[in-house]
Amino acid sequence: MPDGILGNPGNLVEPDQVHKACYTDDDIFEQELDKIFHKSWIYIGHETQVPKVGDYWTTWVGRERMILCRGEDGVHVLYNRCPHRGAMLCQGLNGNAGKTFRCPYHAWTYNLDGSLFRIPVEEGYDGTAFDPKDPRFSMKPAEQMGIYRGFVFAKLSEGGPDLDTWLGRGARAAFDDICNRSPEGEVEIVQNCFRVIQHSNWKIFLENQLDALHPSITHHSTGEAAAEMQKVYKQRTGEDPPIGYQFLADFTLPYEKWDSLSTYGHPYGHTVLGGYMGLRPRDPITVSHEEALTKAYGAERMDEILSTNVHHVLVYPCLSVQPPLQQLRAVRPLAADKTLTEIWHFRLKGAPEGIYERSLAYYYHVNSPSTMVNADDLQNFNACHEGLRLGGGGDWVSFHRNAGQDPVENGVTTSVTGMSEQPMRNMFAAWKEYMSAGS
Amino acid sequence: MARDKKDKKAKKPKAKAKNHRANRRANGLDTQRAVEQFLYNQAEILDERRWDDWLGLFTKDGKYWMPPREDQETGEGMPNIFYEDLFLMDMRVRRVEHPYAHSQKPKNKMSHVIGNVVIESEDRKTGDVVARSKFHVVEFRNDNQRYFAGKYRHHLKKTKDGYKIRLQRVDIVSAEGPFDYVLQYWL
């Protein structure tokens, strides 16, 4: 490692390669939490996750534990900490708090917006600095909260761009695309969160989401098994196999197909991978979806909405959204070598049930704990992290494919080919900017 | 040979044996034993990765189902950890045995122990059975050991070839926890 390289993380990132310490070094990881995860907007959850007053879900932002909850006045994002003696207030993943959060230790209770409601024994505070109106004796809300089309974000620091500006055109498109596909313009979350632990750095997951070269190699076995079963299914039943098989059989697409896609690098590291799946076949479900959208928005707008074909929108550093399949994966880094993903899917309000079933099939095959797809991704992530941890084999990670060849216009980089390593370069450009700020 | 001798011996008190069998049947012990043997056999098939035998355990419309929550009452139209018919199971077998299934290099090994077998109901006419049981599974792969525990609920159809699974419901106690790497195939 070059002298003093860790003192200036910016030196770890070159235009076409990055130093392995970005992934494996514990001190770099702590800096990432401070400079990226506590300084940028982080996806918390969806408004419909907490439909009733008192409902809550807990999650992570950087090294903090946060609560998403619904009060009488809407949703709040609060630090999961009792200001009395510091106990975590919500221990479980989700639940309903009733009218107040009550600390299990000394029964300090808080309103659903975090403000102190009461303490059980009020004597003993005369002449002390304790003041029930002082915010430091209330649950602390996230420094900033923003909601875009029902998707709730928080930021654990003051200042910087507001949520809309920070998302920008590139990342807003994820939420616009998923919501616009509903004739009511809204989505509703399905109350099921699959959580998967990866023994690898969080950035390896993000890079993979935009990596159009890996599917036909990593998922070759699953793609072939699915393609074989499509034939078997047809032979034995005389019927067309369910669409789930096609989701997997797509992994057998040749390189040329993947190369024909485009990726787009937006500011703040947000990156988009174009769609490759034929999600607009002439089946009765799609046709009835078209009819519902035409009724709501008119034929021209319907066509515009359903012609939008993106596969992943990566909202850097915390979220990967698949709008046409109505699902997302939130990324929670737990350690340099440990990452939690929280995986959710959505119903399009007012859309035909078959559209939901399509989403459910993808959720099952790709995102459930029995997935035959991520099984091989996780294997690669672990192998990458293990390899990067080693000392002697080399220090740098190569992102040379099409480096310097991708055209930039109005701050947006468009890849020359689908398999360009542009997404990785775009994310690391943002990483460098975050990590160099204030140092 | 030894068995033949034993059988001949056993034949002598004929009436007594018949009564004994009738009592066992009345007490459901034959069913109990048959279901236990079925479950042990299924566990062994899985531990030994005998995939054709595995697929043969199910009826044509049989399903293997692992819900993500214990209070979930159906697998249809709901998110599931597993919800597979014979076609999906066949696909999983093809994938697991594919030479490019990277996460099966090395392969995982499993060891099942089944117990607490309870016959919940037995249809007098058809002989079909609903049975509950508990399982403990150790899985080993690539120097790591994982542990699973939970309960099965088998809906078994009685056929001339023995029991076949119409529906196997699997509730693991850790269903709602985070999954440390994924389940390659059934537990």
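Predicted, not measured: the structure shown is a model, and the values here were computed from it.

Caption draft 1: Seen up close, the overall build of chain A. When you go through chain A residue by residue, the secondary structure sums to 13 helices and 23 strands. A compact globule built from 439 residues would reach a C-alpha radius of gyration of about 22 Å, and chain A, at 23 Å, matches this within 12%. Each principal axis of the C-alpha atoms in chain A carries an extent, and together these give about 80 × 60 × 40 Å. The proportion of buried residues among the 439 residues of chain A is 57%.

Caption draft 2: The arrangement of the pairing of strand β19 (residues 327-335) of chain A in detail. Residue and element names in this part refer to chain A. With seven of nine residues buried, β19 is to be regarded as a mostly interior element. The pairing of strand β18 (residues 319-322) with β19 spans four bridges and is classified as antiparallel. Considered in β19, the bridge of Ser320 is made with Arg329. In this structure, the hairpin formed by β18 and β19 is closed by a connection of four residues, where Gln326 is found at a positive phi of approximately 55°. Pairing of β19 with strand β20 (residues 338-348), which is carried by eight bridges, proceeds in the antiparallel orientation.

Caption draft 3: The pairing of strand β4 (residues 129-141) of chain B, seen in detail. Residues and elements named next belong to chain B. In this sheet, β4 lies alongside strand β3 (residues 109-122) in antiparallel orientation, the contact comprising eleven bridges. Across the sheet, residue Ser111 finds its bridge partner in β4, namely Val138. Linking β3 to β4, which pair antiparallel, is a turn of six residues; within it Gly127 sits at a positive phi near 80°. In terms of strand pairing, β4 meets strand β5 (residues 144-159) through 13 bridges, oriented antiparallel. Bridging across to β5, Val130 finds its partner in His155.

Caption draft 4: Here's a closer look at the side chain of Ser133(B). On the secondary structure map, Ser133(B) appears in strand β4. Look at Ser133(B) and you get buried, because its relative accessible area is 2%.

Caption draft 5: Layout of helix α2 (residues 26-37) of chain A. Residue and element names in this part refer to chain A. Along α2, the positions that sit buried rather than exposed are Ile28, Phe29, Gln31, Glu32, Leu33, Lys35, Ile36 and Phe37. Along its buried surface, α2 packs onto α1 (21-24), β3 (42-46), β4 (55-61), α4 (202-209), β19 and α13 (422-436). A distance of 2.9 Å separates the backbone nitrogen of Asp27 from a side-chain oxygen at the start of α2, and that oxygen is part of Asp25.

Caption draft 6: How the structure looks around the environment of Gly391(A). Residue and element names in this part refer to chain A. Inspection of the secondary structure assignment puts Gly391 in the loop between α12 (374-389) and β21 (396-398). Given a relative accessible area of 57%, Gly391 falls into the exposed group. Taking C-alpha positions, Gly391 is 55 Å from Phe117, a pair spaced 274 residues apart along the chain.

Caption draft 7: Just the nonpolar core, in detail. Residues and elements named next belong to chain A. In this structure, Phe153 and Trp431 are the most contacted members of the largest nonpolar core, which totals 147 residues. Examining the composition of this core, we find that eight residues originate from one element, helix α3 (residues 163-180), more than from any other. Leu78, Leu89, Cys103 and Leu112 belong to the second largest nonpolar core, which has 17 residues in total.

Caption draft 8: Representation of the sheet that holds strand β12 (residues 151-155) of chain A. All names here are of chain A. Strand order in the open sheet formed by three strands is β3-β12-β11, with antiparallel pairing between adjacent strands. Sheet topology places β3 and β11 (144-148) at the edges, where each strand pairs with a single neighbour. For this sheet, the mean angle separating the axes of adjacent strands, direction not counted, is 30°. Bridge analysis of β11 against β12 gives five bridges, and the strand direction is antiparallel. Bridging across to β12, Gly146 finds its partner in Phe153. Across the sheet, α3 is in contact with β11 and β12; its angle to β11 comes to roughly 35°.

Caption draft 9: Summary view of unusual backbone geometry. Residue Pro317(A) follows Tyr316(A) across a cis peptide bond; omega there is 10°. Within the element layout of this structure, Pro317(A) appears in the loop between β17 (310-315) and β18. A cis amide bond links Lys105(B) to the next residue, Pro106(B), at an omega of -5°. Secondary-structure assignment places Pro106(B) in the loop between α5 (86-96) and β3. In the Ramachandran plot, Asn402(A) falls in the positive-phi region, its phi being about 60° despite a non-glycine side chain. Tracing the chain through its elements places Asn402(A) in the loop between β21 and β22 (408-409). With a relative accessible area of 15%, Asn402(A) lands in the buried category. Phi is positive for Asp143(B), which is not a glycine, with a value near 70°. With respect to the secondary-structure elements, Asp143(B) resides in the loop between β4 and β5. Using a relative accessible area of 69% as the deciding quantity, one classes Asp143(B) as exposed.

Calculation criteria
Residues numbered from 1 in each chain as written. Chains lettered and ligands numbered in written order. Predicted model: local features only at pLDDT ≥ 70, side-chain atom pairs only at ≥ 80, totals over all residues. Heavy atoms only, no water. Helix = DSSP H or I, 4+ residues; strand = E, 2+ residues; numbered from the N terminus. Rg over C-alpha atoms; globule rule 2.2 N^0.38 Å. Buried < 20%, exposed > 50% of the residue type's maximum accessible area, 1.4 Å probe, protein only. Pairing = 2+ DSSP bridges. Contact = heavy atoms within 4.5 Å. Polar contact = N/O pair within 3.5 Å; in protein donor to acceptor, adjacent residues only side chain to side chain. Core = buried A, V, L, I, M, F, W, Y, C linked by side-chain atoms within 4.5 Å. Axes fitted to C-alpha atoms, helices over the stretch in contact; angles between N-to-C directions.

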